[in-house]
Amino acid sequence: MYSLKKVKTNKKMSRETNCFSADLCFNDKKVAECFNEGCGGDTEFIFLKKEYEDVFYKFIKKCDPVETSFGKLPMSDDLFIEELLEKIEEEKIIKKLVK
């Protein structure tokens, strides 16, 4: 299962997309660094091994389409990472509410 670790976000720098940096992990093992500068461009990935990159993109191709404000879109690396970031943000909000 893929997850994000060491997530750092910068809401002030987030303009058209979320400005962030994070480690992409598979079963808690780091496979890549990913980041987005928040200016509307794609999320960038630096995979530790070509094999990790190949496995990740095969996984993305097998994912179901995603319902967005633009309608249903095929899963992409950007959408996948955005979904993971949203889950992390939701967890933070829930933790604050529970206190």
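The structure presented is a predicted model; accordingly, all values stated were derived computationally and were not measured.

1. Observations regarding the sheet that holds strand β3 (residues 29-37)
Read across the open sheet, the four strands follow the order β1-β2-β3-β4; overall the sheet is antiparallel. Looking along the sheet, the strands with just one partner apiece sit at the ends: β1 (2-9) and β4 (44-47). For this sheet the average axis-to-axis angle between neighbouring strands, irrespective of direction, equals 25°. As paired elements, β3 and β4 share four bridges and run antiparallel to each other. Of the residues in β4, the one forming a bridge with E33 is I46. In this fold helix α1 (residues 50-62) packs onto β1, β2 (19-26), β3 and β4, with an angle of close to 135° to the strand it touches most, β4. Contacts from helix α2 (residues 77-98) reach β1, β2, β3 and β4, with the element oriented near 70° to β1.

2. Overview of the pairing of β3
Both β2 and β3 contribute to a ladder of eight bridges, which runs antiparallel. If you follow F20 over to β3, its bridge partner there is N36. Hairpin remark: β2 followed by β3, antiparallel, with two residues in the connecting loop; positive phi at N27, about 50°. Between β3 and the antiparallel strand that follows it, β4, lie six residues; G38 among them carries a positive phi value of about 80°.

3. Remarks on α2
For α2, which comprises 22 residues, the first-to-last C-alpha distance of 32 Å matches the rise-based estimate of 32 Å (1.5 Å per residue) to within 8%. Every buried residue belonging to α2 is among D77, D78, F80, I81, E82, L84 and L85, and all of these are buried. The inward-facing, buried residues of α2 contact β1, β2, β3, β4 and α1.

The rules behind the values
Residues numbered from 1 in each chain as written. Predicted model: local features only at pLDDT ≥ 70, side-chain atom pairs only at ≥ 80, totals over all residues. Heavy atoms only, no water. Pairing = 2+ DSSP bridges. Helix = DSSP H or I, 4+ residues; strand = E, 2+ residues; numbered from the N terminus. Axes fitted to C-alpha atoms, helices over the stretch in contact; angles between N-to-C directions. Contact = heavy atoms within 4.5 Å. Expected span 1.5 Å × (residues − 1). Buried < 20%, exposed > 50% of the residue type's maximum accessible area, 1.4 Å probe, protein only.

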